[in-house]
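A closer look at the structure
Residues per chain, in single letters:
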Amino acid sequence: MSEDQYTFQNPVTRYPVISPPKQDQPEPGLDRDLKPTTDRGEETYRGLGRLTGRKALITGGDSGIGAAVAIAFAREGADVALNYLPSEEPDAQEIAKVIAETGQRVVVLPGDISDSHVAKKLVADAAEALEGLDILVNNAGKQISVERLEDLTDEQWEETFRVNVSAMFWITKAALPLLPAGSSIINTTSVQAYSPSPNLIDYASTKAAINNFTKGLAQQLAPRGIRVNAVAPGPFWTPLQVSDGQPKDKLPTFGQDTPLGRAGQPTELAPAYVYLASAESSYTTGATININGGRPTP
Ligand code: NAD
Ligand code: MG
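These lines cover the structure that appears in this document, whether it is placed above or below. Small disclaimer: the values here were computed from a predicted structure and weren't measured.

1. Concerning the coordination of the magnesium ion (ligand 2)
Looking at the magnesium ion (ligand 2), the protein donor atoms are D62 (OD), S63 (OG) and E88 (OE), and they sit 2.1 Å from it. Donor residues for the magnesium ion (ligand 2) sit on one chain with the sequence pattern D-S-x24-E. Of this pair, D62 sits in the loop between strand 1 (55-59) and helix 1 (64-75) while E88 sits in the loop between strand 2 (79-84) and helix 2 (89-100), and the two are 26 residues apart along the sequence. In this structure D62 comes out as buried when scored by relative accessible area, which is 1%.

2. Some points on the pairing of strand 1
Remember that side chains alternate between the two faces of the sheet whenever the strand is regular. By the criterion of burial, strand 1 is predominantly enclosed, with five of the five residues buried. Neither face of strand 1 is open: one carries K55, L57 and T59, the other A56 and I58, and all of them are buried. With respect to chirality, the unit in which strand 1 leads through helix 1 into the neighbouring parallel strand 2 is right-handed. Here three bridges tie strand 1 to strand 4 (residues 135-138), and the two strands are oriented parallel to one another. Note that in strand 4 the partner of I58 across the bridge is V137.

3. Some details on the packing of helix 3 (residues 116-130) against helix 4 (residues 154-175)
The geometry of helix 3 relative to helix 4 is characterised by a closest axis approach of 8 Å and an angle of 35 degrees between their N-to-C directions. Seen from above, helix 3 lies across helix 4 with right-handed handedness. The residues of helix 4 that touch helix 3, namely those facing S116, A119, K120, L122 and V123, are W170, I171, A174 and A175. Its residues assigned to classes, the contact of helix 3 with helix 4 comprises seven nonpolar, one polar and one charged.

4. What about the sheet that holds strand 5 (residues 184-188)?
One open sheet accounts for seven strands, arranged 3-2-1-4-5-6-7; its pairing is parallel. Of all the strands in the sheet, the pair left with one neighbour each is strand 3 (106-110) and strand 7 (288-291). In this sheet, neighbouring strand axes are inclined to one another by 15 degrees on average, regardless of whether the strands run parallel or antiparallel. With five bridges joining them, strand 1 and strand 2 adopt parallel strand pairing. Residue pairing for strand 2: T59 is matched across the bridge by N83. Seen against the sheet, helix 2 touches strand 2 and strand 3 and runs at an angle of roughly 175 degrees to strand 2.

5. Comments concerning a nonpolar patch on the surface
Residues L149, W157 and I201 make up a contiguous nonpolar surface patch of roughly 290 Å² in combined accessible area. We classify L149 as exposed; its relative accessible area is 58%.

6. Observations regarding the packing of aromatic side chains
Considering all chains together, one arrives at two aromatic pairs under this definition. Ring plane angle 50 degrees and centroid distance 5.7 Å describe the contact between W237 and F254, whose orientation is recorded as tilted. Separated by 17 residues along the polypeptide, W237 in the loop between strand 6 (227-233) and helix 6 (239-245) and F254 in the loop between helix 6 and helix 7 (270-277) bring together distant segments of the chain.

Procedures and definitions
Residues numbered from 1 in each chain as written. Chains lettered and ligands numbered in written order. Predicted model: local features only at pLDDT ≥ 70, side-chain atom pairs only at ≥ 80, totals over all residues. Heavy atoms only, no water. Donors = N, O, S within 2.8 Å, 3.2 Å for Na, K, Ca; no water. Helix = DSSP H or I, 4+ residues; strand = E, 2+ residues; numbered from the N terminus. Buried < 20%, exposed > 50% of the residue type's maximum accessible area, 1.4 Å probe, protein only. Right-handed = clockwise from strand over helix to strand, strands pointing away. Pairing = 2+ DSSP bridges. Axes fitted to C-alpha atoms, helices over the stretch in contact; angles between N-to-C directions. Left-handed = near helix turned anticlockwise from the far one by under 90°. Contact = heavy atoms within 4.5 Å. Nonpolar A, V, L, I, M, F, W, Y, C, P; charged D, E, K, R; others polar. Patch = residues over 30% accessible without salt bridge, like charges linked within 9 Å, V, L, I, M, F, W, Y side chains within 5 Å. Areas by Shrake-Rupley, 256 points an atom, 1.4 Å probe, with all protein chains shown as cover. Salt bridge = Lys/Arg side-chain N within 4 Å of Asp/Glu carboxyl O. Phe/Tyr/Trp six-rings, centres within 6.5 Å; stacked < 30°, edge-to-face > 60°.

Printed below as a string of structure tokens:
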């Protein structure tokens, strides 16, 4: 690795300003077919042993942000279990291979967590395979752009809440009896929690709920030595965006309206998750780290 995340560099030019062609993938979309491809840190993320001996479950760990987090966790010395939808097997296998090269244990656990039984079993399976659990990353998410509220179906409203909010609740609840003091729960919220786009009413509402859940639960679990934090990404180039997460005409300029002038690459989020997972952040709970290219947040 000649360059890594510690290399002194200009954040404006660290990655090119991308202008993705209009493209469509059926939900949930594959990193494999994304144009241009994304940087999940395969070539650049260098671990320093910050998560040595830790055991992590990451939902949506096959692609995008979750994949970048999974690679970073493994390079920092953690064993990792990845959850994703069965149709995402090609992406999951690719990330599992990158992790296996670190020598850490990787377990793949496909399953649709919008089903509460699947969500609860996922936690048990991960803890059994990893022989314990001390990091939980609730990162799976559903985002479908709809211009008019009249066209937002009841089914989409409920499904978005089931995947983004209810599954987080089911998984966290199932994990709690297994998490020892020192454990860390990290939820992926969004800049949408503060600045909702008019075409993402259901999605943005779930992200506000995730932020609120994080801050309430953090207080409840603090005396037990379990920390709960969130990361709020801005525009990151991932499969979510092309599987109807954005209107198609927005894709060519995706992320260009941020102060840094470009979309984020998933690996640029990984250090925040590593920090929140590790004991370095022992006095940080109920926090949200905003990583959004400079958009002001309250
Ligand atoms: P992504 O498509 O790579 O990841 C989303 C993942 O969610 C999928 O890989 C899939 O495995 C999982 N998922 C969706 N429905 C599921 C279900 N029913 N059961 C199991 N897994 C399911 O895209 P991403 O952008 O990396 O998204 C990861 C998280 O980041 C999401 O919560 C998203 O809302 C959040 N986020 C993304 C951005 C961005 O700009 N990309 C910004 C803010 C927040
Ligand atoms: Mg995926």
